[in-house]
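# Geometric and topological summary
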Amino acid sequence: MTRIGLVYDRIRWEEKALIRVAKRMGLDLKVVDSKGIYIDALGDADSTKEFFGDIVMQRCISYFRGLHIAAALENKGIKVINPFSVSMICGNKLYTTLALVKAGVPVPKTLIAFTNEGAMKAIETLGYPTVMKPVVGSWGRLVALLKDRDSARAIIESRREMRNALLQIYYLQEYVRRPPRDIRILVIGDEVIAASYRYSPKGDWRTNVARGGMSKPCPITEDISEIA
């Protein structure tokens, strides 16, 4: 029987659901807490497989922890879901944008800058308001709506003081005027499984559920399926 590993750093309802289904199906599942392990980069591949399994579901919330675990396990010949290459693209907004552009999926106008001066030039090119996002991050954290030159300079200055190299990469997008919601679509393979509307909490332009946004079912239309 194929041995399956589930690597996590926090057990959420999704992990609990996966564990329940694995038990119901009689699968050989090993649950591994990533916070208490180490991986020997030069160690024997068979012993690594013995510990983690033949296939590993990488479920870490920490982007960088999960990324490095995937790289180390794949180097041992272990199949990781999601693979290192997928995690790398999906965990970085610039890489995601480039992949979407290459695939012909429409995206907002996006500019990348690498210095304070370059960022200000890019913002002036896009015009106000402009959206600034960290290239790595989630839940709407450090996402800012720059409404004028003064607010832009203040946000850029505050990011510089954080002393984080990733925050010195300025990912800037045009502000899209839309209904007070966006659409999230779940795709498995080439099949659209589900979609949801995410509505902004009152007084906020961001739709992140982590910031109080509401999620409601969205009908799956032909247009939604095609673009996804």
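In this report, the structure presented in the accompanying data block is examined.

So, how was this worked out
- Residues numbered from 1 in each chain as written.
- Predicted model: local features only at pLDDT ≥ 70, side-chain atom pairs only at ≥ 80, totals over all residues.
- Heavy atoms only, no water.
- Pairing = 2+ DSSP bridges.
- Helix = DSSP H or I, 4+ residues; strand = E, 2+ residues; numbered from the N terminus.
- Axes fitted to C-alpha atoms, helices over the stretch in contact; angles between N-to-C directions.
- Core = buried A, V, L, I, M, F, W, Y, C linked by side-chain atoms within 4.5 Å.
- Buried < 20%, exposed > 50% of the residue type's maximum accessible area, 1.4 Å probe, protein only.
- Contact = heavy atoms within 4.5 Å.
- Salt bridge = Lys/Arg side-chain N within 4 Å of Asp/Glu carboxyl O.
- Polar contact = N/O pair within 3.5 Å; in protein donor to acceptor, adjacent residues only side chain to side chain.
- Patch = residues over 30% accessible without salt bridge, like charges linked within 9 Å, V, L, I, M, F, W, Y side chains within 5 Å.
- Areas by Shrake-Rupley, 256 points an atom, 1.4 Å probe, with all protein chains shown as cover.

Let us look at the sheet that holds strand 3 (residues 55-58). The strand order across the open sheet formed by four strands is 2-1-3-4, and the pairing between neighbours is parallel. Lying at the two open borders of the sheet, with one neighbouring strand each, are strand 2 (28-33) and strand 4 (79-81). The mean inter-strand angle of the sheet, taken between neighbouring strand axes irrespective of direction, is 25°. Relative to strand 3, strand 1 (residues 3-8) runs parallel, the two sharing four bridges. If you follow Leu6 over to strand 3, its bridge partner there is Met57.

What follows concerns the pairing of strand 9 (residues 181-188). Relative to strand 10 (residues 191-199), strand 9 is paired through eight bridges, and the arrangement is antiparallel. Bridge pairing in strand 10 links Asp182 to Arg198. Two successive antiparallel strands, strand 9 and strand 10, enclose a turn made up of two residues, where Gly189 displays a positive phi of approximately 65°.

Side chains of nonpolar character tend, in soluble globular proteins, to be buried together. Among the nonpolar cores identified, the biggest contains 14 residues, and Ile123, Met132, Leu146, Ile156, Tyr170 and Leu172 are the most heavily contacted of them. Of all the secondary-structure elements, those providing two or more residues to this core are strand 5 (110-113), helix 6 (116-126), strand 7 (144-146), helix 7 (149-161) and strand 8 (170-174). Those residues in contact with Ile123, other than ones at most four positions away along the chain, are Tyr128, Thr130, Met132, Leu146, Ala152, Ile156 and Leu172. Counting residues in each nonpolar core, the second largest holds ten residues, with Val7, Phe52, Ile69 and Leu73 among its members.

So, on to the sheet that holds strand 9. In space, the three strands of this open sheet follow the order 9-10-11, with antiparallel pairing throughout. Whereas interior strands pair on both sides, the edge strands pair on one side only; in this sheet they are strand 9 and strand 11 (214-217). Across the sheet, the mean angle from the axis of one strand to that of its neighbour is 30°, orientation sign disregarded.

The subject of this paragraph is the pattern of salt bridges. Applying the stated criterion across every chain, the model contains eleven salt bridges. Of the charged contacts in the structure, one is a salt bridge between Asp33 and Lys35, with a shortest N-O distance of 3.0 Å. Among the residues examined, Asp33 registers a relative accessible area of 27% and is labelled partly exposed. Taken together, the shared-partner salt bridges in this structure form one network comprising Arg3, Glu50 and Asp54.

Once that is clear, we can look at the environment of Arg59. Within the element layout of this structure, Arg59 appears in the loop between strand 3 and helix 3 (63-74). Taking the relative accessible area as the measure of exposure, Arg59 reaches 24% and is therefore partly exposed. Sequence separation of Arg59 and Met1 is 58 residues, and the distance between their C-alpha atoms is 22 Å. Excluding anything up to four places from it in sequence, Arg59 contacts Leu6, Val7, Tyr8, Asp9, Arg12, Glu14, Glu15 and Leu18. A distance of 2.8 Å separates the side chain of Arg59 from the side chain of Glu15, its partner in a polar contact.

Time to look at a nonpolar patch on the surface. On the surface, Ile183, Ile185, Val187 and Ile227 cluster together into a nonpolar patch covering about 280 Å² of accessible area. For the nonpolar patch, the leading source of residues is strand 9, giving three residues. As for its position among the elements, Ile227 is in helix 8 (residues 222-227). We classify Ile227 as partly exposed; its relative accessible area is 46%.

Next up on the list: the side chain of Thr97. The topology assignment puts Thr97 in helix 5 (residues 93-102). Within the local environment of Thr97, its side chain forms a polar contact with the backbone oxygen of Lys93, the two atoms lying 2.8 Å apart. What Thr97 contacts, discounting residues up to four positions off in sequence, is Val107, Thr110, Tyr171 and Gln173.

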